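Each chain, letter by letter, is given below.
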Amino acid sequence: MAAVRAVRWALLAAGAMAMAVRALDNGLARTPPMGWLHWERFLCGTDCGTDPRRCVSERLFVEMADVMVAEGWRDVGYEFICIDDCWMAPTRDEQGRLQADPKRFPSGIRKLADYVHSKGLKLGIYSDVGNKTCAGFPGSYNHYDLDAQTFASWGVDLLKFDGCNSDTLELLAEGYRRMSLALNKTGRSIVYSCEWPFYLRPMKQPNYTEIKQYCNHWRNFFDVYDSWSSIKSILDWTALHQDSIVKIAGPGGWNDPDMLVIGNFGLSWDQAVTQMAMWAIMAAPLFMSNDLRHISPEAKWLLQNKEVIAINQDPLGKQGYQITKDKNFELWERPLSGQAYAVAVLNRQEIGGPRNFTFPLTFLGNGLACNPACSVWQVLPASRDCGVYSWVSSLSMEVNPTGTVLLKVVAL
């Protein structure tokens, strides 16, 4: 059965590589965007009197921008610093425009954007397609053009556009389309992050061809939590739906499995390695949600790993996919430029110790990844040369429970 699955997915992968889908024509997100987003770690903290270092405020984003520059995050590619929900005042201003909470953002968003830009970073902001955001602040319904113009006037570089509180699926779709057109009409380069398919899916199968024409990346599944069960559920959903979502991803438009929670509290080291490796395989936007002011050296090393980031940012822009499951192991691959493949061996067993998984190299790349020979380099959990193999060879990898070995295979 595993071999049958591998062959089926090799054929599907070949078809996906031949398929071109028209992307949103704003010239942005040619590789998956990278940055930092406040939501998973800081949620909707608004009590700055009690908890000034953890509330959603100007101070939080200024301090995070400073750390992103000083600690090398910007230099490895994390360029966006993104505000999520709860930044707004409870009402619009007298001209009907959105406004930041004056106590928590006393200088306003324009000044914050200027500061972020002065650091060589870009600023992201949040709004919602409905009449209220998910946390109950003013939404963009009936204000799409005005809000797009406001964001552009502030110097915003990315909009995360949520899907709460929209009365019908038709209004939801219309709102996502209208905001996309409104952003493009401003003349400012603003990456457009959507949650359109996630809010459609309970009732209707998303039209990903259409969604990619309007959005630069899009959420399909529930919010990530700081837990292994959350990471597992995202990977399971992705594998289950890969027939419909993998072929649509590419330069200008990406499936978004949500934030990186590495450096927080809920993942073991092996599970953190798994999230980083699998987000690279999935060509996912890399938006960390953690406290970069207080992060372990190990988490920093993993999140700043240049070899993993290079796989995530590979210019070919193909999303990876699961090619087989066998005895609580999963084997995934992602086509890369230069006749290379990224390969992930994931051990889903949660009992016992390390186990070996052996697979024929003919499983990879529709049988072409190692034809007539290939070099194999291990990227995670530690970098090492695994040697040169022939087309008829098998490869055996030892993997810890809930861990992943990430490889790069280059045809010779």
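Below is a summary of the structure that appears in this document. Here the structure is a predicted model, which means the values were calculated and not measured.

Analysis parameters
Residues numbered from 1 in each chain as written. Predicted model: local features only at pLDDT ≥ 70, side-chain atom pairs only at ≥ 80, totals over all residues. Heavy atoms only, no water. Helix = DSSP H or I, 4+ residues; strand = E, 2+ residues; numbered from the N terminus. Contact = heavy atoms within 4.5 Å. Polar contact = N/O pair within 3.5 Å; in protein donor to acceptor, adjacent residues only side chain to side chain. Phe/Tyr/Trp six-rings, centres within 6.5 Å; stacked < 30°, edge-to-face > 60°. Buried < 20%, exposed > 50% of the residue type's maximum accessible area, 1.4 Å probe, protein only. Lys NZ or Arg CZ within 6 Å of the ring centre and 35° of its normal.

Moving on to the environment of Asn 400. Its place among the elements puts Asn 400 in the loop between strand 15 (394-399) and strand 16 (404-411). Asn 400 sits 19 residues away from Pro 381 along the chain, and the two C-alpha atoms are 9.9 Å apart. In this structure Asn 400 touches Asp 270, Asn 347 and Pro 354, once residues within four positions along its chain are discounted. In this structure the side chain of Asn 400 is engaged in a polar contact, spanning 3.1 Å, whose partner is the side chain of Asp 270.

What follows deals with the packing of aromatic side chains. Scanning the model with the defined rule gives 19 aromatic pairs in all. Consider the rings of Trp 36 and Phe 61, whose centres lie 6.0 Å apart with planes at 75°: the pair is edge-to-face. Of this pair, Trp 36 sits in strand 1 (residues 34-37) while Phe 61 sits in helix 3 (residues 58-70); the two residues are 25 residues apart in sequence, bridging distant segments of the chain. Between Trp 87 and Trp 154, the aromatic rings sit 5.8 Å apart at their centres with planes inclined by 85°, giving edge-to-face as the arrangement. Of the two residues, Trp 87 sits in the loop between strand 2 (80-82) and helix 4 (108-118) while Trp 154 sits in helix 5 (residues 144-154), which places them 67 residues apart along the sequence. There is no split in this pair, since Trp 87 and Trp 154 are both buried. Ring pairs connect the aromatic residues Tyr 144, Phe 161, Tyr 176, Tyr 192, Trp 196 and Tyr 214, which therefore count as one cluster. In this structure, Arg 41 is placed above the aromatic ring of Phe 42, and the distance from its NZ or CZ to the ring centre is 5.9 Å.

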